[in-house]
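Structure at a glance
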Amino acid sequence: MPVGAVIEFSNITKRFGDVTAVDDLSFTVEPGRVTGFLGPNGAGKTTTLRMLLGLVSPSSGTATFGGLRYHDLPHPLATVGAALEAASFHPGRTARNHLAICATAAGLPSARVAEVLHLVGLAEHGGQRAGVYSLGMRQRLGLACTLLGDPGVLVLDEPINGLDPEGIKWIRGFLRDMAAEGRTVLVSSHLLSEVQQSVDDVIIIAKGRLVHRGPLSSLETQVAPQVVVDSPDRAALASALSQAGVAFSPGRTGLLAAATDPATIGHIAFTAGVEVSALHRQKKGLEDAFLALVDGGDSL
Amino acid sequence: MTMLLRAIRAEFAKLLTTRIWWILAAVLFGYIGMLSGGLAALFAGIQSGAIDPSAAGTGTGTQGTPPLGSLPPLVYSFASSVGYVFPVLLGALATTGEFRHQTLTPTFLANPRRAQVLGAKVITLFLAGAAFGAIALLASVGIGALVINAFGVDTLLGDSATWSLIGRTVIAMALWAAVGVGLGVLVPSQVASIVIVLAFTQFVEPLLRFASMFTEATAGIATFLPGAASDALVGASIFTMAGPVGGATSTLDWWQGGLVLLAYAAAATVGGYFVSWRRDVT
């Protein structure tokens, strides 16, 4: 069984001219877990991953696999499997030939080509030119490349883009399985909802900077709890909340009070003699937490 | 060493798994075959008296035709003197294609040692260029000799000088493919690369070589143009025949021509390595 290595970014920075695309990022990615690497388009995700893979040279800092830079890995494809967003295949070359070239260049057995085509469900399409592939098929071919060397580390840039619902379900299971086998799985996405069902940890960047890292559940605590409360007499409700010293703001379906427990707000209304027509905890999804973090990055 | 061999095998697989190599090879064979056969028929016909010079439309009588005995090498050398653009294109396309189709990403992921990949590409294209040389010679010598023989003119195929010309043609074509790789890394834009190859080989250099013949000094400099160096290496060319009458014609020795061409390939490849190959792949 391939062993996952720890991916470590330390103070990595990339400047393109005056633009700082990636700004002093430091984080680690652990084996045995699926780590979501999130951020809006243009946040620097792809540049970060390309630096990790030695395709883009950092302006400063390092990115390593178990302490080794990609360039120094003795068997790169047998250590790291990477699929990058711009799935890059010569349109006139068949999928099978593309994989065979990668296998030859990396010194991997050519028998792996048929195996990985089968693994990603392209066994019947291996003889077709990549130019006629749909986006979803190219994503699968990209995945096939990553699996050639049966690596302990998987780095996937936006692997869910362009997949149909069946493909999305398949890749979620695939990511879980890979992590369960002890591999390190790093998956980028610009949408948390795309990956939240499969990731254990999240790393969120915005404008090239780290804005959050931790287990997926840690995102929930990022959002200040709120209670939605409404009354036929909103003005009375508002003054009751003010008198009780509870901050609030007008919302679409009532007032948004800063409180964890609806019961406290209910009590305030009751003692003030205000009729309550709605009272519940605001359901703030992870996506809201994600967007709040990312917006915060904007204002930096 | 095994790493380099692996890289070379991968480069060969890349070259042979798209259609461009055999399309270029087929056009090369057809083009050189037609040219060699046609001009062999014209010149051999005139030499043998089968064709009346005035009917051939040269207007200058036999003056414009090569002296007897030098016709076969001239015809055979079409393989490189005219066909050299094909290995250059092959090398340039094999290299610029990596940029154009973004296959540099999988290439450098499989082998992050970029200088080694470029070295493997040069070696691979050098060998592929030699194969193109063989194909072009099959056309120029194969069809040319058949036609020359048909007019009863000596094909000189028993002459060892002819065979060393054939060998040197293979080397020239191999070097040209390496020049193509160098150009491809120097000018990674595929369109720009093709335009440069066609404009330079079909227009700029022939014009420079022709113009340079009018003075001694420029003629000396012009011998270092890549096409002139290639012709010197091969030892015969339509250009040395087509110069202005009484113009200065100087050429390098064959080995000097080979070294000059090698220098072009090396300089372009090393320059291109710094200009594009080791840059960020985004």
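Everything quoted here is computed from the prediction, not taken from an experiment.

Attention shifts here to the overall build of chain B. Of regular secondary structure, chain B possesses 13 helices and zero strands. Counting all 282 residues of chain B, 51% fall into the buried class. Partitioning the contacts of chain B with sequence separation of at least 6, the portion at a separation of at least 24 is 82%. Of the roughly 11900 Å² that chain B leaves accessible, carbon and sulfur atoms contribute 71%.

Take the pairing of strand S1 (residues 7–16) of chain A next. Residue and element names in this part refer to chain A. Pairing between S1 and strand S4 (residues 60–65): five bridges, direction antiparallel. By the bridge assignment for S4, Phe9 is matched with Ala63. What sits between the antiparallel neighbours S1 and strand S2 (residues 19–29) is a turn of two residues, in which Gly17 has the positive phi angle 65 degrees.

Looking now at the interface of chain A and chain B. Taken together, the 31 residues of chain A in the interface contact 23 residues of chain B. The contact between chain A and chain B buries some 2500 Å² in all, and 59% of this surface belongs to carbon and sulfur atoms. For chain A, the biggest contributors to the area lost against chain B are Leu55, Ser88 and Thr104 of chain A; these three give 22% of the whole. Inspection of the region where chain A meets chain B yields one salt bridge. Among the salt bridges present, the one from Lys14 of chain A reaches Asp280 of chain B, with a minimum N-O distance of 2.7 Å. Linking chain A with chain B are 11 residue pairs in polar contact (both at pLDDT 80 or more).

Let's shift gears to the sheet that holds strand S10 (residues 227–230) of chain A. Residue and element names in this part refer to chain A. Spatially, the four strands line up as an open sheet ordered S11-S12-S10-S13, and their pairing is antiparallel. Unpaired on one side and paired on the other, strand S11 (248–250) and strand S13 (278–281) mark the two borders of the sheet. For this sheet, the mean inter-axis angle between neighbouring strands, taken without regard to orientation, is 20 degrees. When S10 meets S13, the two strands line up antiparallel, connected through four bridges. Along S13, the bridge assignment pairs Asp230 with Ala278. Against the sheet, helix H8 (residues 234–244) engages S10, S11 and strand S12 (255–257), with an angle of about 15 degrees to S12. Against the sheet, helix H9 (residues 262–272) engages S10, S12 and S13, with an angle of about 155 degrees to S13.

A few words on the pattern of salt bridges. Residue and element names in this part refer to chain A. Following the criterion strictly, the structure yields 15 salt bridges over all chains and no others. Between Asp201 and Arg33 there is a salt bridge, with the nearest N and O atoms lying 2.6 Å from each other. Here the residue Asp201 occupies a position in strand S8 (residues 201–206), and Arg33 occupies one in the loop between S2 and strand S3 (34–38), the gap between them amounting to 168 residues. By relative accessible area, Arg33 is classed as partly exposed at 32%.

Reading the values: rules and limits
Residues numbered from 1 in each chain as written. Chains lettered and ligands numbered in written order. Predicted model: local features only at pLDDT ≥ 70, side-chain atom pairs only at ≥ 80, totals over all residues. Heavy atoms only, no water. Helix = DSSP H or I, 4+ residues; strand = E, 2+ residues; numbered from the N terminus. Buried < 20%, exposed > 50% of the residue type's maximum accessible area, 1.4 Å probe, protein only. Contact = heavy atoms within 4.5 Å. Areas by Shrake-Rupley, 256 points an atom, 1.4 Å probe, with all protein chains shown as cover. Pairing = 2+ DSSP bridges. Buried area = accessible area lost by both parts, 1.4 Å probe. Salt bridge = Lys/Arg side-chain N within 4 Å of Asp/Glu carboxyl O. Polar contact = N/O pair within 3.5 Å; in protein donor to acceptor, adjacent residues only side chain to side chain. Axes fitted to C-alpha atoms, helices over the stretch in contact; angles between N-to-C directions.

Read these as layout, nothing more, since geometry by itself doesn't imply function.
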